[in-house]
Amino acid sequence: MPNHDDPALISEFSAISREAWRARVEQARGRTVDELDAPSVEGFELRIPALRSADDGEPGPRPPARAPGWRIALEYAAPHGPALAEVVRHDVGRGLEVAWVGLHDELRAQHAIHGPASGVVLQPEQLAGLVDALGPTVALHLDAGLAAPAMARALLAARGDDGPADAVLFDPLTTLACTGGLGTTLGDAYAALAELTREVARRRPGPGALRTIFVDAVALHDAGASAEQEVAYAIAGGIEHLRQLEAHGLAPADALPHLAVRMAVGTDLLVEVAKLRAARRLWARVRAHAGLDAGSPTPPPTPLWVRSSWRSGTRRDPWVNLLRGSVAGFSAVVGGASVIAVQPATEALGEPDANARRWAINTQHILRGESHLGVVDDPAAGSWTFEALTDALARGAWERVQEWLADGGLASAIEQGMLQARIAERAAVRSSELATGRLAFVGTNLYPQLDEPVPPVTSTPVPTSGVDATPSIAVPPLARHRLTEPLEALRDRNDAIARRGRRPRAGLITAGDAHKARPQLDFARNFVTVGGFEPIVLEDDAEPPPDIGLAIVCAPPDALEAHGPAVALRLREAGVRRVLVAGRPTPALRNAGVHDFVHRGRDVIALLGSLQLELLPTVMEGLA
């Protein structure tokens, strides 16, 4: 077996200095190394670590050690208590270990919401039935908001003094930001949370203590926040909770055993792992500065609960969501989560059926039982990529935390709408990246299928909660949305027409040698299919059918320059209403009457939307 560390073998290669390497890279790329660094939508700068010297500094300390393994969870969205108990009962015994339930928004905030609301309508008297469905080993994590005191007492009555690691949780800040208000003041909300925590500590002390306090950064993720903003919120929210609870008589050391942090992970494995590691590292720093890790034995680390990203799920080609969930689950384990919910692939379509829930649960069992991911404490440790990203996110998030604290704290940022505005700005940047193709979703804006099968789902009705109170405090709510919703709306319009007769079609015409135009043809085919148009490839001298209102000329740049104007002019004369070119604009093509140009970096959502507004009324007239 060859020895790859043989000095004689290595000596065959001449040594190269870092300066020479930088010069070669800069010559090849035509830019300096510093210019190769780029800002990221996640809030930090992407740097080229291989070209850095030791003087740039090493990454910061590792996150604290965690217990091996994790618990397998699923978040449920059944409309009401009895339906929830039935669904949970089915999943118990099939690998479920934690059932996560979010109470209806109006029940959590205790005020009427004039707009979209989500969550389960669950009353305290229905908890006994849910506990019976869960059995003695499956834990319940209930995001109850202001209803937490009543729900916690009902859960303790149903469980008794012993039971699994249940949680009845309240995050006053996130509830306020999500729902746009609270039925009481923040001060009274924290007073109620402090009293609840003292009560459950008396009734169920020790390792099995009922958790009541949490920082929910998932809501920010769903609203489009960057990774840096999510980490900063998780840390600043925890600091705000500890300070507010201490002001109401609950010492940080007494609050800590009842506190957890919840985050979401998407499909960018490197960033998501670094995000969780940065959050754990910074929270350990907060605990150390507050003296919460003093004493013997050292208190266990604050649990990090993670779910797969709702905003990254798609309605189109939802089978790809299985892969997205696998990446999210892998990222969550490597990042150090202690409870993980990989959500069903059909979550964006409606209420997942038993098969979708089984696939979601089994994804984690494969990660645990076959990949053995939970055996290693910190698998990402030592990787420069992970360490550098973790360090960049931790430093950026900490700066943001200090800014919020200097401006009056996180509560003040929410009450003034500053936090919501910053998240909206970041969400707009992310939406722009989706529109211009920098952010790709297989099955939606990359390789879409017009004839894809739709898995069976049940539409999830949003029941009324019965709450009609007005809020005592009101703020601009966070706008929750999935990333691919604008693209799905484009497809929906043309799909609705297809169900009435014939799908709108788009002609793809080559200019010059058709074999050399294959890349442009593939690009144009993807473009029109994203919008729900059926692509029809036509010869360059063919007469377009009368129902073709959109045509795209496809050719490499040199062929477009030579033949494109003539082809475009002929299409215009044949009566095609909109003639596009798959390429960059040139004066000759514009003079030939080309209406628009589609190329990488173009806002395809805006372009497809304008084409639909122009062409679909005529298509509808033809079907009448």
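It should be noted that the structure appears before, not after, this text.
Counting restarts for each chain, with residues numbered from 1 along the sequence as it is written. For this predicted model, a pLDDT threshold of at least 70 governs which residues receive local features, and a threshold of 80 or more governs which side-chain atom pairs are given and counted, while totals over whole chains, interfaces and linings are taken from all residues. Computation of side-chain values: all heavy atoms of the structure, hydrogens and water removed.

### Some words on the pattern of salt bridges
- Take a side-chain nitrogen of Lys or Arg and a carboxyl oxygen of Asp or Glu: if they are within 4 Å of each other, that pair is a salt bridge. Tallying each qualifying case throughout the model produces 35 salt bridges.
- The partner of Arg 159 in a salt bridge is Asp 166, with the nearest N and O atoms 2.9 Å apart. Each member of the pair, Arg 159 as well as Asp 166, carries the same accessibility label: buried.
- The closest approach of N and O atoms between Arg 315 and Glu 488, which form a salt bridge, is 3.7 Å. With a gap of 173 residues between them, Arg 315 in the loop between strand 10 (304-308) and helix 14 (320-335) and Glu 488 in helix 19 (residues 485-500) connect regions that are remote in the sequence.
- Within the structure, one salt-bridge network assembled from shared partners comprises Arg 315, Arg 316, Arg 482, Glu 488, Asp 492, Asp 495 and Arg 503. Under the scheme applied here, a residue whose accessible area is under 20% of the maximum for its type counts as buried, over 50% as exposed, and between as partly exposed, the area being computed with a 1.4 Å probe on protein chains only. Per the convention used, a helix needs a DSSP run of H or I reaching at least four residues, while a strand needs a run of E reaching at least two, with both numbered from the N terminus.

### A short note on the packing of aromatic side chains
- Each aromatic pair joins two rings of Phe, Tyr and Trp (for Trp, the six-membered one) with centres within 6.5 Å, and gets the label stacked for planes under 30 degrees apart, edge-to-face for over 60, and tilted for any other angle. For the structure on display, the rule yields 3 aromatic pairs.
- Ring centres of Trp 100 and Phe 214 lie 6.0 Å apart, and the angle between their planes is 55°; this geometry places the pair in the tilted category. With a gap of 114 residues between them, Trp 100 in strand 4 (residues 98-102) and Phe 214 in strand 8 (residues 211-216) connect regions that are remote in the sequence.
- Overall, Trp 100 belongs to the buried group, its relative accessible area being 5%.
- By relative accessible area, which is 1% here, Phe 214 ends up buried.
- Relative to Trp 305, the ring of Trp 100 has its centre 5.9 Å away and its plane inclined at 75°; by these criteria the two rings are edge-to-face. One end of the pair, Trp 100, is in strand 4; the other, Trp 305, is in strand 10, with 205 residues separating them in the sequence. Each member of the pair, Trp 100 as well as Trp 305, carries the same accessibility label: buried.

### Section: unusual backbone geometry
- Despite not being glycine, Gln 110 shows a phi value in the positive range, around 60°.
- In this fold, Gln 110 is placed in the loop between helix 5 (105-109) and helix 6 (127-134).

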